[in-house]
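Chains, contacts and geometry: an overview
One letter stands for each residue in the lines below.
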Amino acid sequence: MTSSQKSKKQELPQTAWAVLGLLSFPGERTGYELKKWADSSLRFFYWSPAISQIYAELRRLEELGYAASARSGPEEARTKRRYAITDAGREALAGWAADTAEAGPPVLKHGLLLRVWLGHLADPERLRAMVDEHLERTRAELASVREAVAQAGEVPEWAFPALALRWSERQHLAELELGEALLADLAGLTGAVRQADGDAPTPG
């Protein structure tokens, strides 16, 4: 690996490693197939990149020599480009996956809680309705996670993705429990405090 390649490796975002990780399982895949797999797996515990991001990362990975691609032949009605991980890519990915210093803390950006935080500006009934809507979405997501868990369980090579998906199943169950507790907390409020000014509720 050249010094330029080493420098680029150090600058790779986690999305690039995620795309390379999708390629690390047996078989060659198109960018579209990678997107479908990310939507049915990665998004439940990390994030699903847009199709444009996937192709951008595939180009970057090819430049580094971590992935290789080939166009389909005339036997297919529509020409497709399929990607596969290279030996260098597998070695780099294994090194990255084993480096716990790069994992970083989990990042929580909970849009609903941001609105609850601003509850003094909201209608209490609307706020409770938003929590109910969140619970319904979470139940639907939980059903999708369980479907993905079942599918992964049928493929021996997906044993570790299945572990991540089972973690996501438990996380969604916890989110439902937290949402129900939040509804109880909101119901326990005797009145909405609407303050136009005054000190912010911060320590000190």
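Residues numbered from 1 in each chain as written. Predicted model: local features only at pLDDT ≥ 70, side-chain atom pairs only at ≥ 80, totals over all residues. Heavy atoms only, no water.

Before going further, it helps to spend a moment on the packing of aromatic side chains. All told, the structure shown has 4 aromatic pairs when counted by the stated rule. Within the aromatic cluster, the residues linked to one another by ring pairs are Trp17, Tyr66 and Trp96. (Phe/Tyr/Trp six-rings, centres within 6.5 Å; stacked < 30°, edge-to-face > 60°.)

Here the focus is the side chain of Ser24. The residue Ser24 is located in the loop between helix H2 (14-23) and strand E1 (29-30) in this model. A polar contact is formed between the side chain of Ser24 and the backbone oxygen of Gly21, at a distance of 2.6 Å. The contacts of Ser24, once residues within four sequence positions are left out, are Ile85, Arg90 and Leu93. (Helix = DSSP H or I, 4+ residues; strand = E, 2+ residues; numbered from the N terminus. Polar contact = N/O pair within 3.5 Å; in protein donor to acceptor, adjacent residues only side chain to side chain. Contact = heavy atoms within 4.5 Å.)

Close contact between helix H7 (residues 124-153) and helix H8 (residues 159-187) brings their axes to 9 Å; oriented N to C, the two are set at 165 degrees. The orientation of H7 relative to H8 falls into the category roughly antiparallel. Crossing geometry of H7 relative to H8 is assigned as left-handed. Each residue belonging to the contact of H7 with H8 can be placed in one class, and the counts come to 15 nonpolar, 5 polar and 9 charged. (Axes fitted to C-alpha atoms, helices over the stretch in contact; angles between N-to-C directions. Parallel < 35°, antiparallel > 145°, perpendicular 65-115°, else oblique. Left-handed = near helix turned anticlockwise from the far one by under 90°. Nonpolar A, V, L, I, M, F, W, Y, C, P; charged D, E, K, R; others polar.)

Moving on: the environment of Leu183. Take Leu183: it is sitting in helix H8. Along the primary structure Leu183 and Leu127 are separated by 56 residues, whereas in three dimensions their C-alpha atoms are 9.3 Å apart. Excluding residues that lie within four positions of it along the chain, Leu183 makes contacts with Arg128, Val131, Asp132 and Leu135.

Spatially, the 3 strands line up as an open sheet ordered E1-E3-E2, and their pairing is antiparallel. The two strands at the open ends of the sheet, each matched to only one other strand, are E1 and strand E2 (67-71). Strand direction decides the pairing type here: E2 and strand E3 (residues 81-85), joined by 5 bridges, are antiparallel. The residue bridging Ala67 from the neighbouring strand is Ile85, located in E3. Running over the sheet, H2 touches E1, E2 and E3 and is turned about 95 degrees from E3. (Pairing = 2+ DSSP bridges.)

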